[in-house]
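# Tertiary structure, described
Given next are the chains, with one letter for each unit.
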Amino acid sequence: MEYSKQTLAKIDELASDMMSPKEIAHLLGIDELSLCDDINTYGNAARRAFFHGATVTAHGLRKSVRELAEAGSPFSISECQRQIEAMLSEVTI
């Protein structure tokens, strides 16, 4: 499916608001199966927009957790350790 720049920007925005692909489809009046398929297709513009929005939010949240860990929060320290392990599991060391 082809998406306008405006629709891709809205997918990005809604993903950054932590909306699921199905929720985004309903809010934008897009067929949910088509949007989900497009998000699951490597290289698709909808996938790039969705993951960009989700990643921007994840980055902000993780920065906040890291700051709390640096201030000594026990939960945040363990969450940072879990995030580091998850991050390293995606690469060959």
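Residues numbered from 1 in each chain as written. Predicted model: local features only at pLDDT ≥ 70, side-chain atom pairs only at ≥ 80, totals over all residues. Heavy atoms only, no water.

Here we come to the nonpolar core. In this structure, Y3, L8, I11, I24, L35, A46 and F50 are the most contacted members of the largest nonpolar core, which totals 13 residues. Counting only elements with at least two residues in this core, the list comes to α1 (5-16), α2 (21-28), α3 (32-39) and α4 (45-70). When residues of this core are assigned to their parent elements, the largest contribution, four residues, is made by α1. (Core = buried A, V, L, I, M, F, W, Y, C linked by side-chain atoms within 4.5 Å. Buried < 20%, exposed > 50% of the residue type's maximum accessible area, 1.4 Å probe, protein only. Helix = DSSP H or I, 4+ residues; strand = E, 2+ residues; numbered from the N terminus.)

Looking at the element boundaries, S76 is found in helix α5 (residues 74-89). Residue S76 is classed as buried on the basis of its relative accessible area of 3%. Those residues in contact with S76 that lie beyond four places of it in its chain are V65, L68 and A69. (Contact = heavy atoms within 4.5 Å.)

When you line up the elements, G72 lands in the loop between α4 and α5. Along the chain, G72 and S89 lie 17 residues apart, while their C-alpha atoms are 25 Å from each other.

Before going further, it helps to spend a moment on the side chain of R47. Tracing the chain through its elements places R47 in helix α4. The side chain of R47 is buried and forms no salt bridge, while E90, the nearest opposite charge, is found at 10 Å. (Lys, Arg positive; Asp, Glu negative; His and termini not counted. Salt bridge = Lys/Arg side-chain N within 4 Å of Asp/Glu carboxyl O.)

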